Amino acid sequence: MATALSYADLRKQARQLENAIDLKLVAFSKLGAGIQSPHSHHGDTTPLLSGEDTFEAMSAEIEDLLNKLNLVNERLAEQPVSGAAMLHTIQRHREIMADLARDFRKTNSQHESRREREDLLKGSTDSFRGDGVNNRRDIYLKESQHIHNSDHLVNEQIAIAVETREHLSSQRQTFKRLQTRFNDISNKYPLINSLINRINIRKRRDSFIIGLVVFLCTVLMLFYAFS
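Here is what the cut-offs are and how they apply
- Each chain has its residues counted from 1, following the order in which its sequence is written.
- Reporting of local features is limited, given that this is a predicted model, to residues whose pLDDT is at least 70; pairs of side-chain atoms are given and counted only at 80 or more, and all residues count toward the totals for whole chains, interfaces and linings.
- Note that the side-chain values use all heavy atoms of the structure and ignore hydrogens as well as water.
- UniProt positions are given in the numbering used here, feature names are shortened, and annotations may be inferred rather than shown by experiment.
- We count a stretch as a helix when DSSP gives it H or I for four or more residues in a row; a strand needs E for two or more, and each element gets its number in order from the N terminus.
- What we call a nonpolar core is a set of buried Ala, Val, Leu, Ile, Met, Phe, Trp, Tyr and Cys residues that are connected through their side-chain atoms within 4.5 Å.
- Whether a residue is buried, partly exposed or exposed follows from its accessible area with a 1.4 Å probe, protein chains only, as a fraction of its type maximum: under 20%, in between, or over 50%, in that order.
- Contacts are assigned to residue pairs with any non-hydrogen atoms lying within 4.5 Å of each other.
- Residues forming no salt bridge and having over 30% relative accessible area are the ones grouped into patches, like charges within 9 Å of each other and nonpolar side chains (Val, Leu, Ile, Met, Phe, Trp, Tyr) within 5 Å.
- Every accessible area reported is derived by Shrake-Rupley at a probe size of 1.4 Å, with residue values counting cover from the shown protein chains alone.
- Salt bridges are defined by distance alone: a side-chain nitrogen of Lys or Arg within 4 Å of a carboxyl oxygen of Asp or Glu.
- A residue's pLDDT is simply how confident the predictor is in it, with values from 0 to 100.

The protein chain carries the name Golgi SNAP receptor complex member 1 in an unreviewed UniProt entry, which gives Dendroctonus ponderosae as its organism. UniProt's Subunit (unreviewed entry) comment on the protein chain is quoted here verbatim: "Component of several multiprotein Golgi SNARE complexes." What UniProt records for the protein chain under Function (unreviewed entry) is the sentence "Involved in transport from the ER to the Golgi apparatus as well as in intra-Golgi transport. It belongs to a super-family of proteins called t-SNAREs or soluble NSF (N-ethylmaleimide-sensitive factor) attachment protein receptor."

Quick look at the structure:
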């Protein structure tokens with residue numbers, strides 16, 4: 001990974017990796033919950049790539065993606081922090097990675113426990129009961145995924161709101177500096193300020209004279225009209 005990547009590029013890579021891991025974890029969790037024991041295959045009916053092999057291959061793939069995401073997060077942490085919004089975003093990426101890693105470890109642990117249980121429990125009755133547990137587990141996994149996605153969207157909206165607040169605060173500080181600069185210029189050059197005041201006084205005086213002339217002309221016209 002190039003060291004010249006910007007904060008925006010690193011954040012984009014982090015999101016892509018998070019989405020990829022998130023999607024793979026859904027299939028990984030279902031595979032871990034529904035994988036059959038290798039003892040259930042016999043003779044020539046055993047597939048070239050068994051469920052156990054598929055699970056191990058997907059586990060290695062997700063672990064590799066997690067390592068890449070960890071590297072991107074380390075690069076993000078090395079970026080100079082320019083505000084509270086950036087700090088919140090970096091921290092949020094770390095929390096998402098921790099959640100993904102926890103789900104990955106949980107699925108591995110559940111799969112290991114299930115495989116040990118299947119080695120001990122044999123027979124059609126146990127298989128039927130195991131299928132019922134798998135169906136309930138799939139439902140729980142789907143609900144967990146929906147909750148995780150909703151939490152991710154809410155945190156994205158919070159990050160946008162924090163960034164907007166930072167921009168508004170920066171603009172307000174800019175306006176304050178401009179006002180202070182104008183006041184400094186006015187105090188530094190009193191002649192300019194005095195000239196502006198004189199111009200304003202003359203404009204008001206001219207307006208008063210013009211108004212007075214118009215008033216007198218109106219009075220004379222009315223007097224002439226009714227005389």
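There's more to say after this.
**Q** Can you break down the UniProt feature "transmembrane region" (unreviewed entry) in the protein chain residue by residue, with the values?
**A** UniProt records the feature "transmembrane region" (unreviewed entry) for residues 208-226 in the present numbering. As a span, residues 208-226 carries 100% helix and 0% strand, and end to end its C-alpha atoms are 27 Å apart.

**Q** Please set out the nonpolar core residue by residue, giving values where relevant.
**A** The biggest cluster of nonpolar side chains holds 20 residues, and the ones touching the most others in it are I21, L25, I62, L69 and L100. For this core, the secondary structure elements donating two or more residues are helix 1 (7-34), helix 2 (51-77) and helix 3 (84-120). The contacts of L25, once residues within four sequence positions are left out, are I62, L100, D103 and F104.

**Q** Run through a nonpolar patch on the surface, naming residues and quoting values.
**A** Nonpolar side chains collect at one region of the surface, where F208, I209, L212, V213, F215, L216 and V219 lie side by side and expose about 670 Å² of accessible area between them. Relative to the helices and strands, V219 is located in helix 5 (residues 190-226). You can call V219 partly exposed: its relative accessible area is 39%.

**Q** Could you give an account of the side chain of N73, naming the residues involved and the relevant values?
**A** Within the secondary structure layout, N73 lies in helix 2. Look at N73 and you get buried, because its relative accessible area is 6%. Beyond its immediate sequence surroundings of up to four residues, N73 is in contact with H93, R94 and M97.

**Q** Explain the confidence of the model for the protein chain to me, and be specific about the residues and the numbers.
**A** Overall, the prediction assigns the protein chain a mean pLDDT of 79, with 82% of residues at 70 or greater. Here helix 4 (residues 124-188) stands out as the element of the protein chain with the lowest mean pLDDT, 74, in contrast to helix 2, whose mean of 89 is the highest. With pLDDT under 50 throughout, residues 35-49 is counted as low confidence; its partners more than four residues away or in other chains account for 17 contacts.

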